[in-house]
Amino acid sequence: LVNLLDLASRRISTRKFSSEEIRIEDVIYAIEVARQAPSGANRQPWRFIIVYDNELKMEIRKYCEEVEKIFHEKAPTWMKKWLSEKGITWRKEFLTTAPLLILVFGKRNEPYWVQSVWLAIGYMLLALEEKGLASLTYTPPRVDWANRLLNVPTEYILQTIIPIGISKEENKKKIRFELKDILYCNKWNNPCKNLQILEGNEI
Ligand SMILES: Cc1cc2nc3c(=O)[nH]c(=O)nc-3n(C[C@H](O)[C@H](O)[C@H](O)COP(=O)(O)O)c2cc1C
């Protein structure tokens, strides 16, 4: 039986993908899981476009790198330093190396549309992990180009591009805050007892 804590603990963001093909059924499965998410007033403001056409992936990458270049140029000095320390550049190879992208759009003006769409995205990430697929929630700094490129009506706004594939990542799981540092009982700063009940599941 899949254990959600194991899936969530194992999952990491992947930015390096192998050229290996993936099963589209597994991707549809993840979107089927996302479809079950709750949403503000059950308006289900999410829409998904799967892109596996290589030329279209190249165009998407071109637009993203254009807006990334501007973003990197205009970034304040402290952010430039942070970006270079992290090795983050305007280049987004993963948009063409991953065999498939999911573009997730949200329908603006629906109640809690952003929260709802991201909740569905969270569901999807775990489902992809269950299928052994690596992913990333990439958020380009500008998204209006996507409507024009993919014929998307203007009331829908691109929330993220999720490259999906087989990981070539050497990264390890990034550290998370400890439970005691993020969880209080009854009042702020009041520690919870019995946090050790989760110990058996720790990675
Ligand atoms: C809302 C959101 C936006 C993100 N945007 C980007 C992004 O534009 N580029 C990127 O490389 N990673 C992006 N990430 C991935 C985070 O950097 C990553 O989840 C975080 O560093 C924790 O690492 P992990 O996912 O490997 O556990 C985003 C994550 C979230 C949740």
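(A) Region of interest: the overall build of the protein chain. Within the protein chain, the regular secondary structure consists of 8 helices and 4 strands. When the helices and strands of the protein chain are listed from N to C terminus, the series reads α-α-β-α-α-α-β-α-β-α-β-α. Of all 203 residues assigned to the protein chain, the portion counted as buried reaches 37%. A separation threshold of at least 6 residues defines the contact pool for the protein chain, and within that pool the share at least 24 residues apart is 79%. As displayed, the protein chain has an accessible area near 13,100 Å², and 53% of this comes from carbon and sulfur atoms. Mean positive and mean negative side-chain charge positions of the protein chain (31 and 26 charges, respectively) differ by 5 Å.

(B) A look at the packing of helix α2 (residues 24–34) against helix α6 (residues 113–130). For the pair α2 and α6, interaxial distance at closest approach is 8 Å and the crossing angle is 145°. Like other packed secondary-structure pairs, α2 and α6 cross with a definite hand, here right-handed. Facing α2, whose interface residues are Tyr29, Ala30, Ile31, Val33 and Ala34, α6 presents Ala120, Tyr123, Met124, Ala127, Leu128 and Glu130. Grouping the constituent residues of the contact of α2 with α6 by class yields 10 nonpolar, no polar and 1 charged.

(C) Region of interest: the sheet that holds strand β1 (residues 46–51). Taken in spatial order, the 4 strands of this open sheet run β1-β2-β4-β3, and their pairing is antiparallel. In the strand order of this sheet, the two ends are held by β1 and β3 (134–135), each with one partner. As judged from the 8 bridges shared by strand β2 (residues 100–107) and strand β4 (residues 156–165), these two strands associate in the antiparallel manner. Bridged to Leu100 within β4 is Ile164. Where α2 meets the sheet, its contacts fall on β1, β2 and β4, and the angle it forms with β1 comes to roughly 170°. Each of β1, β2 and β4 is contacted by helix α3 (residues 54–74), which is oriented at about 60° to β2, the strand it contacts most.

(D) Fine view of the environment of Ser116. Along the chain, Ser116 falls in helix α6. For Ser116, a relative accessible area of 4% translates into the label buried. A C-alpha to C-alpha distance of 14 Å links Ser116 and Ile31, two positions 85 residues apart in sequence. What Ser116 contacts, discounting residues up to four positions off in sequence, is Pro38, Ser39, Gly40, Pro45, Trp46 and Pro111. Within the local environment of Ser116, its side chain forms a polar contact with the backbone nitrogen of Gly40, the two atoms lying 3.0 Å apart.

(E) Broad picture of the state of the cysteines. Scanning the entire structure with this criterion turns up 1 disulfide. In this model, Cys185 is linked to Cys192 through a disulfide, with the two sulfur atoms separated by 2.1 Å. The S-S bond linking Cys185 to Cys192 shows a torsion near 110°; that makes this disulfide right-handed.

(F) Spatial organisation of α2. Taken together, the buried positions of α2 are occupied by Asp26, Val27, Ala30, Ile31 and Ala34. Projected down its long axis, α2 shows its buried positions confined to an angular sector of 140°, all on one face. In this fold, the buried residues of α2 make contact with β1, β2, α6 and β4.

(G) Representation of the packing of α3 against helix α4 (residues 77–85) in the model. Taken N-terminus to C-terminus, the directions of α3 and α4 make an angle of 120°; their axes are 8 Å apart at the nearest point. In terms of orientation, α3 and α4 fall into the oblique class. For the pair α3 and α4, the contacting residues are Phe71, His72 and Glu73 in the first and Met79, Lys80 and Leu83 in the second. Class assignment of the residues belonging to the contact of α3 with α4 gives a composition of 3 nonpolar, 1 polar and 2 charged.

(H) Inspection of the layout of surface pockets at higher detail. Roughly 1,000 Å³ of internal volume is contained in the largest pocket. Secondary structure elements with two or more residues in the lining of the largest pocket: α3, α4 and α5 (94–97). Broken down by element, the lining of the largest pocket gets its largest block of residues, 3 residues, from α3. When the residues that make up the lining of the largest pocket are grouped by side-chain class, the tally is 10 nonpolar, 8 polar and 13 charged.

Thresholds, definitions, all that
Residues numbered from 1 in each chain as written. Predicted model: local features only at pLDDT ≥ 70, side-chain atom pairs only at ≥ 80, totals over all residues. Heavy atoms only, no water. Helix = DSSP H or I, 4+ residues; strand = E, 2+ residues; numbered from the N terminus. Buried < 20%, exposed > 50% of the residue type's maximum accessible area, 1.4 Å probe, protein only. Contact = heavy atoms within 4.5 Å. Areas by Shrake-Rupley, 256 points an atom, 1.4 Å probe, with all protein chains shown as cover. Lys, Arg positive; Asp, Glu negative; His and termini not counted. Charge placed at Lys NZ, Arg CZ, Asp CG, Glu CD. Axes fitted to C-alpha atoms, helices over the stretch in contact; angles between N-to-C directions. Left-handed = near helix turned anticlockwise from the far one by under 90°. Nonpolar A, V, L, I, M, F, W, Y, C, P; charged D, E, K, R; others polar. Pairing = 2+ DSSP bridges. Polar contact = N/O pair within 3.5 Å; in protein donor to acceptor, adjacent residues only side chain to side chain. Disulfide = S-S within 2.5 Å. Arc of directions from axis to C-beta. Parallel < 35°, antiparallel > 145°, perpendicular 65-115°, else oblique. 1 Å grid on protein atoms, 1.4 Å probe; cavity = no way out; pocket = protein on both sides within 12 Å on 5 of 7 lines; lining within 4 Å. Points joined across faces, edges and corners; volume = space filled by probe spheres on them.

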